[in-house]
Structure formats: C-alpha cells, structure tokens
Amino acid sequence: MLERLKKFFTQPTPQKKPLPEPDARLALGTLLVRVAMADGAYLFEEVEEIDRILAKAYGLKPLAAAKMRADCEKLALHIEDDTDMARRIREAVDYEHRREKVAALWAVAMADGVNDEREQALVELVEETLGIERGDSEAARAAASIP
C-alpha cells in the first residue's frame, strides 16, 4: 500500500494533449466561440447555437459537435489573432460558403438576445477578412435577428 502511494505521488504528471492545428472547420468553430465569449459571458444559449451550427455545417451528431466545440474552446483561449482564423476560412472556402459562415457568426452573436458591441465588432472584423460584401453582411445580420 505504501509503495502504491509513493508511486502515485512520485509519478510525473501526464503531458497535456497538444492543441490541434486549426483547419477551416476548427477556425470557424473557434471564431464562433470567440464571438460568444467576446462580451465576457459565455452563455448556454450561445453554446447550444454553436453546437447546432457545427452539427449542421459538418453533418455531425450532437455529441461529435459538442466534442468539436470543446476543441474549439481550447483553441479560442490560446489564439491571439482572430484574422488568422478568418484567413484560414477564406483560403479554404468559396464565397457562398463564407457568407454562410458569417450568418453563423451573427446567429451566435444574437443567440443570447443581447446586441453587444464587442461581439458585433469581432463579427465585422471577420467579415472584412473574409471579403464579405456589405449587402451580404447586412442580409446575414438581419437573418440572425429574426426569431
């Protein structure tokens, strides 16, 4: 028994799993999480919306979408450059699908029913990096505002 206790306390701590290298899919999920966290309140409604978006966009079952979101949450806490994430999407996704990604970002920004300037500013920064035209941006925002 003493030997097991000694072994328990002297074992090195397991290494943390490294963060995944973000591709366009993880970049979108990470930006969705970053938008939800931008106002300092990461609410259930936003988490639920992110899971719904990831499941629909990538054909995932609810548990797989939640696992993907968990990876994106880890990335969201460690990335420093939102424009880099947006560039990853721009390089891998055609314009029509980039518009859909912007609509998803607005849906998360509006999920809690509060129009926060910090969330709005982040979505607008991503839109600009994605090269989304003003009219398409306004349409995506309006669609997200409709209950």
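Remember, it's a predicted structure, so these values are computed and weren't measured experimentally.

Engineer: What should I look at first to understand the overall build of the chain in this one?
Structural biologist: In terms of regular secondary structure, the chain is built from 8 helices and 0 strands. Along the chain direction, N to C, the helices and strands of the chain fall in the order α-α-α-α-α-α-α-α. In the chain, which comprises 147 residues, the share counted as buried stands at 40%. Counting only carbon and sulfur atoms, one obtains 55% of the accessible surface of the chain, whose full area is about 9,200 Å².

Engineer: What is the right way to read the packing of aromatic side chains from this model?
Structural biologist: The relative placement of two aromatic rings is captured by the distance of their centres and the angle of their planes. In total, this model carries 0 aromatic pairs according to the counting rule given. Geometry around Tyr-58 places Arg-25 over its ring, the cationic atom sitting 4.5 Å from the centre.

Engineer: Before we go on, may I ask you to explain helix H5 (residues 82–92) in this structure?
Structural biologist: Because an α-helix completes one turn every 3.6 residues, residues spaced three or four positions apart along the sequence face the same direction. Of the positions making up H5, those classed as buried are Asp-82, Thr-83, Met-85, Ala-86 and Ile-89. Buried residues along H5 cover an arc of 155° about the axis, so they all sit on one side. In H5, the exposed positions that point more than 90 degrees away from the buried face belong to Glu-91 and Ala-92. Those residues of H5 that are buried are in contact with helix H2 (24–37), helix H6 (95–110) and helix H7 (117–130).

Engineer: Just to check I follow, could you spell out the pattern of salt bridges for this structure?
Structural biologist: Once the charged atoms of two side chains with opposite charge are near each other, the side chains can pair. Summed over the entire model, instances satisfying the criterion amount to 8 salt bridges. Two residues, Glu-73 and Arg-69, come together in a salt bridge whose shortest N-O distance is 2.9 Å. Of this pair, Glu-73 and Arg-69 both sit in helix H4 (residues 62–78), separated by 4 residues, roughly a single helical turn. The same class applies to Glu-73 as to Arg-69, namely buried. For the salt bridge of Asp-84 with Arg-88, the shortest nitrogen-to-oxygen distance reads 3.2 Å. A residue pair is termed a helical-turn pair when its members lie 3 or 4 positions apart in one helix, as Asp-84 and Arg-88 do in helix H5 at 4 residues. Here Asp-84 falls in the partly exposed class, since its relative accessible area comes to 24%. Exposure remark for Arg-88: the relative accessible area of 24% places this residue in the partly exposed category. Linked through salt bridges whose partners overlap, the residues forming this network are Asp-51, Arg-69 and Glu-73.

Engineer: What should I look at first to understand the layout of surface pockets in this one?
Structural biologist: Once rolled over the atoms, a probe with the size of a water molecule shows which space is left empty. Considering only enclosed or pocket space, the largest pocket measures out at about 320 Å³ in volume. Ile-53, Lys-56, Glu-100, Ala-103 and Ala-104 are the residues nearest the centre of the largest pocket, which is lined by 14 residues in total. Contributions of two or more residues to the lining of the largest pocket are made by helix H3 (44–58), H6 and helix H8 (134–145). Taken together, the residues that form the lining of the largest pocket break down as 9 nonpolar, no polar and 5 charged.

Engineer: For this particular structure, what's the right way to read the environment of Leu-125?
Structural biologist: With respect to the helices, strands and loops of the structure, Leu-125 is situated in helix H7. With 42 residues separating them along the chain, Leu-125 and Thr-83 place their C-alpha atoms 7.4 Å apart. Each residue touching Leu-125, except ones within four places of it in the same chain, is listed here: Asp-82 and Thr-83.

Engineer: Looking at this model, I keep getting lost on the packing of H2 against H4. Mind explaining?
Structural biologist: In helix packing, the relevant descriptors are the interaxial angle and the interaxial distance, both defined with respect to the helix axes. Between H2 and H4, the least distance of the axes is 8 Å, while the angle of their chain directions is 70°. Compared by their axis directions, H2 and H4 come out roughly perpendicular. Considering the relative orientation of H2 and H4, their crossing is right-handed. Only Met-68, Arg-69, Asp-71, Cys-72, Glu-73, Leu-75, Ala-76 and Leu-77 of H4 make contact with H2, whose side of the interface consists of Arg-25, Leu-26, Gly-29, Thr-30, Val-33, Arg-34 and Met-37. Within the contact of H2 with H4, the residues separate by chemical class into 8 nonpolar, 2 polar and 5 charged.

What counts and what doesn't
Residues numbered from 1 in each chain as written. Predicted model: local features only at pLDDT ≥ 70, side-chain atom pairs only at ≥ 80, totals over all residues. Heavy atoms only, no water. Helix = DSSP H or I, 4+ residues; strand = E, 2+ residues; numbered from the N terminus. Buried < 20%, exposed > 50% of the residue type's maximum accessible area, 1.4 Å probe, protein only. Areas by Shrake-Rupley, 256 points an atom, 1.4 Å probe, with all protein chains shown as cover. Phe/Tyr/Trp six-rings, centres within 6.5 Å; stacked < 30°, edge-to-face > 60°. Lys NZ or Arg CZ within 6 Å of the ring centre and 35° of its normal. Arc of directions from axis to C-beta. Contact = heavy atoms within 4.5 Å. Salt bridge = Lys/Arg side-chain N within 4 Å of Asp/Glu carboxyl O. 1 Å grid on protein atoms, 1.4 Å probe; cavity = no way out; pocket = protein on both sides within 12 Å on 5 of 7 lines; lining within 4 Å. Points joined across faces, edges and corners; volume = space filled by probe spheres on them. Nonpolar A, V, L, I, M, F, W, Y, C, P; charged D, E, K, R; others polar. Axes fitted to C-alpha atoms, helices over the stretch in contact; angles between N-to-C directions. Parallel < 35°, antiparallel > 145°, perpendicular 65-115°, else oblique. Left-handed = near helix turned anticlockwise from the far one by under 90°.

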